[in-house]
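# Overview (structure and organization)
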Amino acid sequence: MSSTPTPRPDQPIVFRNGIVLTMDDAHTVIPNGDVLVIDGKIADVGVDLAAPDGAFEIDAKGGILLPGMVDTHRHMWQSAMRGYGADWTLTQYFVWYYLEHGMKFRPQDVAAGNLISALDAVESGVTTSVDWSHGLRTPDHGEAALEALADSPGRFVLAYGNLAAAPWEWTQDPEVRRLVERARDDSRLFGAQLAFDVPAAEEEFLEKAAFEAARDLGVGVTTHVGVWGATNDNGVRRMYENKVMDPGTVYVHAASLNDESYQMIAGTGGTVSLSTESEQTCGQGYPPAHALRRHGIQASLSVDTSVWFSADMFAAMRSTIGADRSLEHLLAHEKNETVTHAVLRVEDVVDWATRGGAKALGKWDQIGSLEKGKLADIVLIKNDDSPTMTPILNPYGHVVYQAGRGDVHTVLVGGKAVKFDGKLTGGELPSVRAKLEDTVSYLQGELGDDTWKSGMNPEIPEVEILTNPYQYLKDEADQPAAAHAHKH
């Protein structure tokens, strides 16, 4: 047990002498700055700040201070199966969760996934997460998801969904609507959304009832679009023609759309949640950061699901900038040209991970930057034991390409330390781990050993090895040597 003192929940806190990435409108950087926290809010940002008597002082020298990161799309319930589907395709994911085994999750299993995912988020510096909770097959599942979020450290938006029923049906259920209203108004949460998709169908636009339910409830909509083979331009067109693309709607992935669809999103004030590791792996389409820039669409970042992918925004930022730069070079090479200046910068993806998420959720007045009066959701990246944290010359570049979740020293949510000195101080990890072990044991028993193993290890397609005219066979390679020896 560490003897390092930790700040009390109600104690003023001052960070001293860190590199402060304020992420304000000017992207102000303070090389040796302080951040003062009083009563859960940022009281001041500057140099050599005066702090109240009894304030808890945190030495941020050699570290980087930035706003808490915001994840706009995380299927938190699926963290109960962390890493299980690392070799899946999107088709295998759909079969496992939508058609077969995801239907076996009990309310307590949804809760266990939410509990571990919540700790996962704040431990890595993600202070606000959208729980894209599409496993809520019954109101009991919804109740379990809501309470798990409310009991966890961090800020959470419950995006209520039900993949087992039509959205125009479950959004009319009075019990579901009461749960959404509770999530919307519960001070322990950070709001609510409705989570559902619009497939590329031609029949009557039945989904309109779900959009109208969101308007009636006073909550936003989050929806997967531009997912190859599932939701495409036709779905966006249907939404636009039926006048349900309200400002603030979050479009997830948006990876396989045409220019007209992007124009509809931009023209109606929508935002896009990029899940680049997911788009790269699953085949929704090429990660569309380039298209969002071209059409002036606000971007945010998300991790999607840790049944596959990394559960932190460091990976999201790194994969996003990597994919964008790869495409930029590829397109240039196809024209026999060379890229001499990269368009997407590290500063941009840090913006998307903080400000972008705050704006997507309509919370920019409260979170997303280190400015006086905002909620004290603050991350300190500092690791004196790591050679990777020295020197820090380009702080944005350091956040994106050098740092990782293990370098997150302190995380405040509303001025309360949920991680300090590199260790979680919020939540009850041993208790959550026990719940998770019960869930995994139950699911494994429900599936049986053979199904469990085959689900984790899908068949590998046969790969044709092309004939290589430059590759010698062993016996052919031996012949010149033998001939040479005979001559001598």
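Structural notes, computed from the coordinates. (Residues numbered from 1 in each chain as written. Predicted model: local features only at pLDDT ≥ 70, side-chain atom pairs only at ≥ 80, totals over all residues. Heavy atoms only, no water.)

## Section: the sheet that holds strand 9 (residues 192–195)
Test applied: A pair of strands is treated as paired once DSSP finds two or more bridges between them. Numbering of helices and strands starts at the N terminus; helices are DSSP runs of H or I of at least 4 residues and strands are runs of E of at least 2. Note on geometry: axes are C-alpha line fits, over the in-contact stretch for helices, and angles between N-to-C directions span 0 to 180 degrees. Here, residues are in contact when the closest pair of their heavy atoms is within 4.5 Å.
As summarised here, the arrangement of the eight strands in space is 6-7-8-9-10-11-12-13, forming an open sheet in which the pairing is parallel. Lying at the two open borders of the sheet, with one neighbouring strand each, are strand 6 (69–74) and strand 13 (298–301). Sheet twist, expressed as the mean angle between neighbouring strand axes with direction ignored, is 25 degrees. In this structure, strand 7 (residues 126–133) lies alongside strand 8 (residues 155–160), joined through six bridges in parallel fashion. Across the sheet, Asp131 pairs through a bridge with Leu158, a residue of strand 8. Helix-sheet contacts for helix 2 (residues 107–123) involve strand 6, strand 7 and strand 8, and the interaxial angle to strand 7 is about 150 degrees.

## Considering the nonpolar core
As a reminder, the rule being used: Joining through side-chain atoms within 4.5 Å is the link that ties buried Ala, Val, Leu, Ile, Met, Phe, Trp, Tyr and Cys residues into a set, and such a set is a nonpolar core. For each residue, the accessible area found with a 1.4 Å probe, counting protein chains only, is set against the maximum for its type, and the residue is called buried under 20%, exposed over 50%, and partly exposed in between.
Among the nonpolar cores identified, the biggest contains 108 residues, and Leu194, Met239 and Met317 are the most heavily contacted of them. For this core, the element with the highest residue contribution is helix 2, accounting for nine residues. Among the nonpolar cores identified, the runner-up in size contains 18 residues, and Phe15, Phe56, Leu370 and Ile378 belong to it.

## Quick notes on the environment of Pro31
Counting through the fold element by element, Pro31 comes out in strand 2 (residues 29–38). When the C-alpha positions of Pro31 and Lys61 are compared, they lie 9.7 Å apart, and in sequence the two are 30 residues distant. Leave out the neighbours within four places in its chain, and Pro31 touches Gly18 and Ile19.

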